[in-house]
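# Observations on the model geometry
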Amino acid sequence: MDMEILRKKVSTYKGEAGRLRKIPDELALEILTAWEAWTGPMNGFYSALGVSQKKMAKIMGKAKRLKREGRVPVSEFTELTTQVLGSAQSPGVTGQGIELTWDQGKVIRFPEVSQLIDFLKKAA
């Protein structure tokens, strides 16, 4: 996620004296995901969000607890199964659609073009 967008989302929950209040669970999980993907120094992450580490400590703890308990929002991405070449064809596949040969001989079949486009967008 773009840090500028995340910064604007966080800033909408700042109260008087810059305190963060009533951060929703979804935003806390977005912050945690961005924190896990951050490659620079941690001080740079907090300054990119426009908050101090002390202000984010409780929110990060909340997000980690939510993730640990499995209360992660459902993704819109639909999982597609892979199949090794030479194995039996899965039921329901009629040979129509698009086949993508992935690494190590795995083939991914897409019955619809829109599923292939969504997969490629997510994989990029």
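The shown structure was predicted, so the numbers you read here are calculated from the model rather than taken from an experiment.

Looking only at helices and strands, the chain features five helices and three strands. Going through the 124 residues of the chain one by one, you find that 23% of them count as buried. Across the chain, every contact between residues at least 6 apart in sequence was considered, and the portion connecting residues at least 24 apart equals 50%. Put simply, the chain shows about 9000 Å² of open surface, and 53% of that area lies on carbon and sulfur atoms.

A separate point is the packing of aromatic side chains. According to the stated counting rule, one finds three aromatic pairs in the structure shown. Considering the side-chain rings of Trp 38 and Phe 45, the 5.5 Å spacing of their centres and the 65° angle between planes classify their relative orientation as edge-to-face. Members of the aromatic cluster, joined through ring pairs, are Trp 38, Phe 45 and Tyr 46.

Of note, Glu 99 is situated in strand S2 (residues 98–101). Spatially, the C-alpha atoms of Glu 99 and Arg 109 are 4.5 Å apart, while their sequence positions differ by 10 residues. With residues near it in sequence (within four places) discarded, Glu 99 still touches Val 107, Ile 108 and Arg 109. Within the structure, Glu 99 has its side chain in polar contact with the side chain of Arg 109 (distance 3.0 Å).

Conventions we followed
- Per chain, residues are indexed from 1 in the order of the written sequence.
- Per-residue local features of the predicted model are confined to residues with pLDDT of at least 70, and side-chain atom pairs are confined, for both listing and counting, to 80 or more; whole-chain, interface and lining totals are unaffected and use all residues.
- Hydrogens and water are ignored here; the side-chain numbers use all heavy atoms of the structure.
- Helical segments are the DSSP runs of H or I of at least four residues, strand segments are the runs of E of at least two, and each set is numbered from the N terminus.
- Each residue gets one of three labels from its accessible area relative to the maximum for its type: buried under 20%, exposed over 50%, partly exposed in between, using a 1.4 Å probe on protein chains only.
- Here, residues are in contact when the closest pair of their heavy atoms is within 4.5 Å.
- Methods summary: accessible areas were calculated by the Shrake-Rupley approach with a probe of 1.4 Å, and residue burial reflects only the protein chains presented.
- For this analysis, a ring pair means two rings from Phe, Tyr or Trp (six-membered ring only for Trp) whose centres lie within 6.5 Å, classed as stacked if their planes differ by under 30 degrees, edge-to-face if by over 60, and tilted for the remaining angles.
- Here a polar contact is recorded for every N or O atom pair within 3.5 Å, except that within protein the pair must consist of a potential hydrogen donor and a potential acceptor, and residues adjacent in sequence are included only if both atoms are side-chain atoms.

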